[in-house]
Amino acid sequence: MNTLLAIAYGFALLWGALWGSFLNVVVYRVPAGLSVVHPRSRCPQCLAPITWWQNIPILSYALLGGRCASCKNPISIRYPVVEGVAAALSLAVLAPWLPVLLSDTVEPWRVLVCVLAEQAFVFALLAIALIDADTFTVPDVLSLPLPLLGLGLALLCGPVRGVEWKDAGAAALVAGGGLFAVQWGYAALTGREGLGTGDVKLLAGIGAFLGLRSLPAVLLLGALQGLAFALAYTALSRDAVSSRGLSSVRHLAVPFGPFLALAALQWLLLHRLADKALAAWFGG
Ligand SMILES: [Zn+2]
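Thresholds, definitions, all that
- Residues numbered from 1 in each chain as written.
- Predicted model: local features only at pLDDT ≥ 70, side-chain atom pairs only at ≥ 80, totals over all residues.
- Helix = DSSP H or I, 4+ residues; strand = E, 2+ residues; numbered from the N terminus.
- Rg over C-alpha atoms; globule rule 2.2 N^0.38 Å.
- Buried ≥ 20, exposed ≤ 12 C-beta atoms within 10 Å, placed from the backbone.
- Contact = placed C-beta atoms within 7 Å.
- Core = buried A, V, L, I, M, F, W, Y, C linked by C-beta atoms within 7 Å.
- Axes fitted to C-alpha atoms, helices over the stretch in contact; angles between N-to-C directions.
- Left-handed = near helix turned anticlockwise from the far one by under 90°.
- Nonpolar A, V, L, I, M, F, W, Y, C, P; charged D, E, K, R; others polar.
- Expected span 1.5 Å × (residues − 1).
- Parallel < 35°, antiparallel > 145°, perpendicular 65-115°, else oblique.

Chemist: What exactly am I supposed to notice about the overall build of the chain here?
Modeler: Per the secondary structure count, the chain includes 13 helices and 0 strands. In the chain, the succession of α and β elements from N to C terminus is α-α-α-α-α-α-α-α-α-α-α-α-α. For the chain, the C-alpha radius of gyration of 21 Å lies close to 19 Å, the compact-globule estimate for 284 residues. By its C-alpha atoms, the chain is 60 × 55 × 40 Å across when sized along the principal axes. Out of the 284 residues belonging to the chain, those deemed buried represent 32%. Counting contacts in the chain only where the partners sit at least 6 residues apart, residues at least 24 apart contribute 70% of the total.

Structure (structure tokens):
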């Protein structure tokens, strides 16, 4: 049984790393409006095509010493980091489903649907977070499919995951509608846009995957972590601020998408552990 687990974990890591490699392409090309399948990957600096052995997740970066094989310019460390994070997320999504699979209480195909859909969700969150951090935009092509995927998953596996289709649908509507109202109110009061419409679509997708119960926690965790980041960033760049004047602080813009995505990941991966800890705390 241990061998079986090791094979499953190894496969999940490899699967995630391969998706991470593809996400690097998505993050680079989608904001530029380029196709993610054509042309083949090239070095952004010398445009030399990247051969298959230079394209193995994480490993190629180490083998090449972090430099392009033709022009020897450094390759961003972000590529292997994204591949590593995607591999870890893939494993983290799979791990809690293996006991369900082995317990034989749920049809194996439903477990597979849950694992693949949750992995698609976390990979989309990772790509959205990176693109929003780079460009202050959540691309529709990544955010709009999420509510549909979440609803589809709830229809197929609602009882298994504990997020039924009514819950998923209501959460998508509440999240999308509620955040849209806040956005509209903020814009009406201040005359400037505080939240992007991309955040609204993203939160609707998060609601559809994680259900109504997740929304207060996701919003709170996302806002607190975003605020902590903004404060730390302001404190660290105080010298830069004093030279530019105080107005740069008031207009410091931090994209909300990466923090919403982070909070959604934390809820997906940790809320069952938190529930158990709370139950043990109050039960014991
Ligand atoms: Zn090159």
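Structure's up, so let's keep going.
Chemist: Would you mind going over the nonpolar core with me for this structure?
Modeler: Across soluble globular proteins, nonpolar side chains have a tendency to be buried as a group. Judged by nonpolar contacts, the single largest core of 62 residues is most densely connected at Leu 125, Leu 126, Ala 127, Ile 128, Leu 260 and Ala 264. If you tally residues by element for this core, the top one is helix H5 (residues 108-135), at 14 residues. Aside from chain neighbours lying at most four places away, what touches Ile 128 is Val 138, Leu 142, Ser 143, Leu 202, Gly 257 and Ala 261.

Chemist: Would you mind going over the environment of Leu 224 with me for this structure?
Modeler: Here Leu 224 is to be found in helix H10 (residues 214-236). It is 24 Å that separates the C-alpha atoms of Leu 224 and Val 93, two residues lying 131 residues apart in sequence.

Chemist: Whenever I open this one, unusual backbone geometry confuses me. Can you help?
Modeler: The peptide bond linking His 38 to Pro 39 adopts the cis configuration, its omega dihedral lying at 0°. With a phi close to 60°, Ile 58 is a non-glycine residue in the positive phi region. The phi dihedral of Asp 104 falls on the positive side, at around 65°, and the residue is not glycine. In this structure, Asp 104 sits in the loop between helix H4 (97-103) and H5.

Chemist: What is the right way to look at the environment of Glu 164 in this model?
Modeler: Examined against the element boundaries, Glu 164 turns out to sit in the loop between helix H7 (145-161) and helix H8 (165-190). For Glu 164, a count of 15 C-beta atoms within 10 Å translates into the label partly exposed. In this structure the C-alpha to C-alpha distance between Glu 164 and Val 36, which are 128 residues apart in sequence, comes to 33 Å. Residues in contact with Glu 164, not counting those within four places in the same chain, are Ala 154 and Gly 158.

Chemist: So what exactly am I meant to see when it comes to the packing of helix H3 (residues 78-94) against H5 here?
Modeler: Close contact between H3 and H5 brings their axes to 9 Å; oriented N to C, the two are set at 150°. When you trace H3 past H5, the crossing you get is right-handed. Residues Val 85, Ala 86, Leu 89, Ser 90, Val 93 and Leu 94 of H3 form the contact with H5, whose participating residues are Val 115, Glu 118, Gln 119, Val 122, Phe 123 and Leu 126. Of the residues in the contact of H3 with H5, the class split is 9 nonpolar, 2 polar and 1 charged.

Chemist: Sorry if this is basic, but what is going on with H8 here?
Modeler: The α-helix advances 3.6 residues per turn, and as a result positions three or four apart in sequence lie on the same side. Taking 1.5 Å per residue, 26 residues should reach 38 Å; H8 reaches 37 Å between its end C-alpha atoms and fits that length. If you check which residues of H8 are buried, you get Asp 167, Ala 168, Ala 171, Ala 172, Ala 175, Gly 176 and Leu 179. The inward-facing, buried residues of H8 contact H7, helix H9 (197-210) and H10. At the C-terminal side of H8, Gly 191 shows a positive phi close to 75°.

Chemist: Would you mind going over the packing of H10 against helix H13 (residues 257-283) with me for this structure?
Modeler: Helix-helix packing: each pair is described by the crossing angle between the helix axes and the interaxial distance. At their nearest, the axes of H10 and H13 sit 8 Å apart, and the two run at 130° to each other. The angle between H10 and H13 places the two elements in the oblique class. H13 is crossed by H10, and the crossing has right-handed handedness. Counting all contacts with H10, which are made through Ser 214, Ala 217, Val 218, Leu 221, Gly 222, Gln 225 and Gly 226, the residues of H13 involved are Phe 259, Leu 260, Leu 262, Ala 263, Ala 264, Gln 266 and Trp 267. Considered class by class, the residues forming the contact of H10 with H13 number 9 nonpolar, 5 polar and no charged.

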